[in-house]
Amino acid sequence: MPKQLEKKHPLAIRWMHWLNFPLLAMMIWSGLLIYWANAVYSLKLFGNEFFHFFPVGFYDFLGIPFRLAEGMQLHFFFMWLFVGNGVVYVLYTIFSGEWRALVPVPSSFKRATRVALHDAHVVKELPPQGKYNDAQRIAYTLVILMGVGSVVTGLGIYKPTQLAWLTSLLGGYEWARWEHFWLMIGFVLFFVVHVLQVVVAGWANFRSMITGYDIVEAKASEPPAPNPQGELA
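Source: prediction; values computed, not measured.

Some details on the nonpolar core
Here is step 1: With 22 residues, the main nonpolar core has Tyr-35, Phe-53, Phe-54, Phe-181, Met-184, Ile-185 and Phe-187 as its most contacted residues.
Here is step 2: When residues of this core are assigned to their parent elements, the largest contribution, seven residues, is made by helix H1 (residues 11-35).
Here is step 3: Those residues in contact with Phe-54 that sit more than four places away from it in its chain are Leu-32, Tyr-35, Tyr-59, Phe-181 and Ile-185.

A few points about the packing of helix H5 (residues 108-119) against helix H6 (residues 134-158)
Here is step 1: In contact at an axis separation of 7 Å, H5 and H6 are set at 115° when each is read in the N-to-C sense. Judged by the inter-axis angle, H5 sits roughly perpendicular to H6. From H5, Ser-108, Phe-109, Arg-111, Ala-112 and Val-115 reach across to H6, where they touch Asp-134, Ala-135, Arg-137 and Ile-138.
Here is step 2: Of the residues that constitute the contact of H5 with H6, the class distribution is five nonpolar, one polar and three charged.

Thoughts on the environment of Gln-162
Here is step 1: Structurally, Gln-162 can be placed in the loop between H6 and helix H7 (164-169).
Here is step 2: For Gln-162, a relative accessible area of 55% puts it in the exposed group.
Here is step 3: Along the sequence, Gln-162 and Thr-93 sit 69 residues apart, while their C-alpha atoms lie 32 Å from each other.

Some words on the pairing of strand S3 (residues 48-52)
Here is step 1: Note: strand S2 (residues 42-45) against S3, four bridges, orientation antiparallel. Looking at S3, one finds that Leu-43 is bridged to Phe-51.
Here is step 2: Here S2 hands over to S3 after two residues, with Phe-46 in that stretch at a positive phi of 55°.

So, the environment of Ala-25
Here is step 1: Along the chain, Ala-25 falls in helix H1.
Here is step 2: Spatially, the C-alpha atoms of Ala-25 and Lys-3 are 37 Å apart, while their sequence positions differ by 22 residues.

A closer look at helix H8 (residues 173-201)
Because an α-helix packs 3.6 residues into every turn, residues spaced three or four apart end up facing the same way.
Here is step 1: The end-to-end C-alpha distance of H8 is 42 Å, a good match for the 42 Å that 29 residues give at a rise of 1.5 Å each.
Here is step 2: When we look at burial in H8, the residues that qualify are Ala-176, Arg-177, Phe-181, Leu-183, Met-184, Ile-185 and Phe-187.
Here is step 3: Contact partners of the buried residues in H8: H1 and H6.
Here is step 4: Where H8 ends, the next residue or the one after it, Gly-202, has phi of about 100°, a positive value.

Quick look at unusual backbone geometry
Here is step 1: With omega at 5°, the peptide bond leading from Phe-53 into Phe-54 counts as cis.
Here is step 2: Counting through the fold element by element, Phe-54 comes out in the loop between S3 and helix H2 (56-62).
Here is step 3: At Phe-46, a residue that is not glycine, the phi angle is positive and equals roughly 55°.
Here is step 4: At Phe-66, a residue that is not glycine, the phi angle is positive and equals roughly 65°.

Examining the pattern of salt bridges
Here is step 1: Counted by the stated rule, this structure contains three salt bridges.
Here is step 2: A salt bridge links Lys-131 to Glu-98; its shortest N-O distance comes to 2.8 Å. A residue pair is termed long-range when its members are at least 10 positions apart, and Lys-131 in the loop between H5 and H6 and Glu-98 in the loop between helix H3 (68-96) and helix H4 (99-102) qualify at 33 residues.
Here is step 3: Lys-131 gets classed as partly exposed once you look at its relative accessible area, which sits at 24%.

Conventions used here
Residues numbered from 1 in each chain as written. Predicted model: local features only at pLDDT ≥ 70, side-chain atom pairs only at ≥ 80, totals over all residues. Heavy atoms only, no water. Core = buried A, V, L, I, M, F, W, Y, C linked by side-chain atoms within 4.5 Å. Buried < 20%, exposed > 50% of the residue type's maximum accessible area, 1.4 Å probe, protein only. Helix = DSSP H or I, 4+ residues; strand = E, 2+ residues; numbered from the N terminus. Contact = heavy atoms within 4.5 Å. Axes fitted to C-alpha atoms, helices over the stretch in contact; angles between N-to-C directions. Parallel < 35°, antiparallel > 145°, perpendicular 65-115°, else oblique. Nonpolar A, V, L, I, M, F, W, Y, C, P; charged D, E, K, R; others polar. Pairing = 2+ DSSP bridges. Expected span 1.5 Å × (residues − 1). Salt bridge = Lys/Arg side-chain N within 4 Å of Asp/Glu carboxyl O.

Below, the structure is given as structure tokens:
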């Protein structure tokens, strides 16, 4: 079957996608340097702690201890780049019309279940999809909202006095910090799942985010329409 190139991702989307990776990585890394100074969160069940974020060995292995000042400098520097890239991305998707392929529609939630079952090899048939399948639409829209949430909660922590109304709206300083932390955990989980999905999808999917094009089966050309006299044009 002959193949042809099909445009998939605009240059701007690709640039912002790849720029966001190191920016988000630096935000998470610097956030860990800050969190170490007051590592208070853990998973508990019936009052019993069964995992503390994070074990001492984790910090020692990564060389995190006693780098609070460095973490704050990095965090406050890269947050402006992270916010700027995110704002430009959202504005571009709105004005370019890319949002139509990205934002889920009401039926996406039903089809996303079928996509998950297909990926788990429970069902064979994949539901119809466009540039992104419905599970991707939901996940990518959710991660944008998570980015907004990280900025809002981050500002509530960064300026709790000047932005007291915002910090109060988030439930107070401690709640804002708790929400900020779990959004970070959500980003890490999203990144892990995203990378695994890229590996499962194969090289073509990864290549399209670099080149902007996908290789698809060529569409069969339609025969010429007959003219009024019944002859081929």
